[in-house]
Amino acid sequence: MAARAGIDAIAAAPVGAGLQAFAPDARPVGPALVSLRGVGFGYGGRRVLDGIDLELRRGEVLALLGANGSGKSTLLRLMLGARRAETGSVLLLGRRIHDWSQGEIARRLAYVPQSHVPPFPYTVADIVALGRLPWRGRFGAAGVDDRRIVAAAIERLGIGHLAARRYTEISGGERQLALIARAIAQQAGAIVMDEPATALDYGHQWRMLDLVREFAAEGHSFVMSTHTPEHALHAATRVALLAGGRIVADGAPRAVVTPEAIERLYGIRVEAVEAPDRRRAAFFPLAAQ
Ligand SMILES: Nc1ncnc2c1ncn2[C@@H]1O[C@H](COP(=O)(O)OP(=O)(O)OP(=O)(O)O)[C@@H](O)[C@H]1O
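Residues numbered from 1 in each chain as written. Predicted model: local features only at pLDDT ≥ 70, side-chain atom pairs only at ≥ 80, totals over all residues.

**Q** Explain the overall build of the protein residue by residue, including any values.
**A** Of the regular secondary structure elements, the protein holds 11 helices and 12 strands. Long-range contacts, defined as pairs at least 24 residues apart, comprise 70% of the intrachain contacts of the protein with a sequence gap of at least 6. (Helix = DSSP H or I, 4+ residues; strand = E, 2+ residues; numbered from the N terminus. Contact = placed C-beta atoms within 7 Å.)

See below:
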């Protein structure tokens, strides 16, 4: 009954209710950093994305939800310029992304991939320091500022105890934290994260999301794919849903992440229990009838 009341409360609450308590949501967002306009893309003639219109604006945390294979990673790679749209256009700060050099893109967009295993046994500190490369000359050595920024990123992620360890000899979750630290050290302003919480334990998942909110409050932008609707409600200022190769919803988290949306995306019926802040909710699968 409590759960049912939760759904009803969510359904009855006006969209945006309770948002004022959360600084990232209350803050007006800035101009578009990345814009996808009518983007279509496929692999070997098999269409994966079609007619995608999506924007990432300054200061936003945009969460992307969609079933396995719905095209989230592909969409993120298109946003980064790592894949070329077959139709439509991808713009970085209003200019076609492929008209920017790799270095120019890397100074504006950082990437946290789903998994990454380097060929050499770099230390964690070395991996984080790679984030500084776009800011150094071709053969430029790391300066005092680079070292300070790398140390600050390691500190912010709480991975000082891993700094001297070999990246190839730490756990998947520890690697994920190192990759997030690398992206932060990159000081790109916008960070594209592909399922950043997947390898993290329960505590690190929520701490990472809080960190995202802190950085967004400082003016950074994030786009992150996730399989956890609760994460989108916790950290995102906007949520987009991907299904059938298209964006089927794009808007305020409370308005978009609903039991109906979850059923549509994942084919599973859930009920929602609202958090005391009336902004977030937890979802529980309904028993099979
Ligand atoms: N390199 C590739 N070559 C051919 N097909 C691919 C390639 N990468 C992805 N695909 C296909 O494109 C579709 C979208 O894949 P993508 O990885 O973008 O989905 P996703 O939403 O990120 O999935 P997941 O949630 O499982 O990570 C899937 O059907 C996948 O099999």
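Moving on from the model shown.
**Q** Can you lay out the site of the ligand for me, pointing to particular residues and giving the numbers?
**A** By nearness alone, every residue bordering the ligand is listed as Tyr 43, Val 48, Gly 66, Asn 68, Gly 69, Ser 70, Gly 71, Lys 72, Ser 73 and Thr 74. Ranked by residues supplied to the shell around the ligand, first place goes to helix α3 (residues 72-80) with 3 residues. Along the lines of polarity and charge, the residues of the shell around the ligand split into 2 nonpolar, 7 polar and 1 charged. (Near = placed C-beta within 6 Å. Nonpolar A, V, L, I, M, F, W, Y, C, P; charged D, E, K, R; others polar.)

**Q** Tell me about unusual backbone geometry, and please be specific about residues and values.
**A** Located in the positive-phi region is Leu 93, a residue other than glycine, with phi close to 50°. Phi at Arg 278 takes a positive value of approximately 60°, unusual for a residue other than glycine. As for its position among the elements, Arg 278 is in the loop between β11 (270-274) and β12 (281-285). A count of 15 C-beta atoms within 10 Å places Arg 278 in the partly exposed class. (Buried ≥ 20, exposed ≤ 12 C-beta atoms within 10 Å, placed from the backbone.)

**Q** How would you summarise the sheet that holds strand β4 (residues 87-92) if you had to cite specific residues and measurements?
**A** On the basis of which strands lie adjacent, the open sheet formed by 4 strands has the order β2-β1-β4-β5 and antiparallel pairing. Each of the sheet's edge strands pairs with one partner strand only, and the pair in question is β2 (46-57) and β5 (95-96). Sheet topology places strand β1 (residues 32-43) next to β4; 5 bridges connect them, and they run antiparallel. From the neighbouring strand, Gly 40 faces β4, where its bridge partner is Thr 87. α3 contacts β1, β2 and β4 of the sheet and is inclined by roughly 125° relative to β1. (Pairing = 2+ DSSP bridges. Axes fitted to C-alpha atoms, helices over the stretch in contact; angles between N-to-C directions.)

**Q** Requested: an account of α3, with residues and values cited.
**A** Most of α3 sits inside the fold, with 7 of its 9 residues counted as buried. Of the residues making up α3, those classed as buried are Lys 72, Thr 74, Leu 75, Leu 76, Leu 78, Met 79 and Leu 80. Trailing α3 by a residue or two, Gly 81 shows a phi angle of about 80°, which is positive.

**Q** Lay out the pairing of strand β10 (residues 246-251) in plain terms, naming residues and giving numbers.
**A** Relative to β10, strand β9 (residues 238-243) runs antiparallel, the two sharing 5 bridges. Pairing of Val 239 across the sheet is with Gly 251, part of β10.

**Q** A description of the nonpolar core should follow, citing residues and the corresponding values.
**A** Formed by 77 residues in total, the largest nonpolar core has its most connected members in Ala 63, Met 79, Val 128, Ala 178 and Ala 181. Per-element tally for this core: the top contributor is helix α7 (residues 172-185), with 8 residues. Setting aside residues up to four positions removed in sequence, Val 128 forms contacts with Val 150, Ala 153, Ile 154, Ala 178, Ala 181, Arg 182 and Ala 185. (Core = buried A, V, L, I, M, F, W, Y, C linked by C-beta atoms within 7 Å.)

**Q** So what's going on with the sheet that holds strand β3 (residues 61-66)? Residues and values would help.
**A** Pairing is mixed in the open sheet, where 6 strands are placed in the order β6-β7-β8-β3-β9-β10. In this open sheet, the two edge strands, each paired with only one partner strand, are β6 (109-112) and β10. Adjacent strand axes in the sheet meet at a mean angle of 15° when their direction is disregarded. In this sheet, strand β8 (residues 221-226) lies alongside β3 in parallel orientation, the contact comprising 5 bridges. Residue pairing in the sheet places Ala 63 in a bridge with Met 224 of β8.

**Q** Hey, could you go over the packing of helix α6 (residues 144-157) against α7 for me, with residue numbers and the actual values?
**A** Remark: α6 packs on α7, axes separated minimally by 9 Å, with the N-to-C direction vectors making an angle of 140°. Considered as vectors, α6 and α7 are oriented oblique to each other. α6 and α7 meet at a crossing whose hand is right-handed. Residues Ile 149, Val 150, Ala 153, Ile 154, Arg 156 and Leu 157 of α6 touch α7, and the partners they reach there are Leu 177, Ile 180, Ala 181, Ile 184 and Ala 185. When its residues are assigned to classes, the contact of α6 with α7 shows 10 nonpolar, no polar and 1 charged. (Parallel < 35°, antiparallel > 145°, perpendicular 65-115°, else oblique. Left-handed = near helix turned anticlockwise from the far one by under 90°.)

**Q** Could you give an account of the pairing of β11, with specific residues and numbers?
**A** On β11, burial follows the alternation: Val 270, Ala 272 and Glu 274 on one face are buried, whereas Glu 271 and Val 273 on the facing-out side are not. As judged from the 5 bridges shared by β11 and β12, these two strands associate in the antiparallel manner. Each bridged residue has a counterpart across the sheet, and for Glu 271 the counterpart in β12 is Phe 284. In textbook terms, the turn of a hairpin is the stretch between consecutive antiparallel strands, and for β11 and β12 this stretch comprises 6 residues, one of which, Arg 278, has a positive phi near 60°.

Without other data, these values stay purely geometric and don't point to any function.
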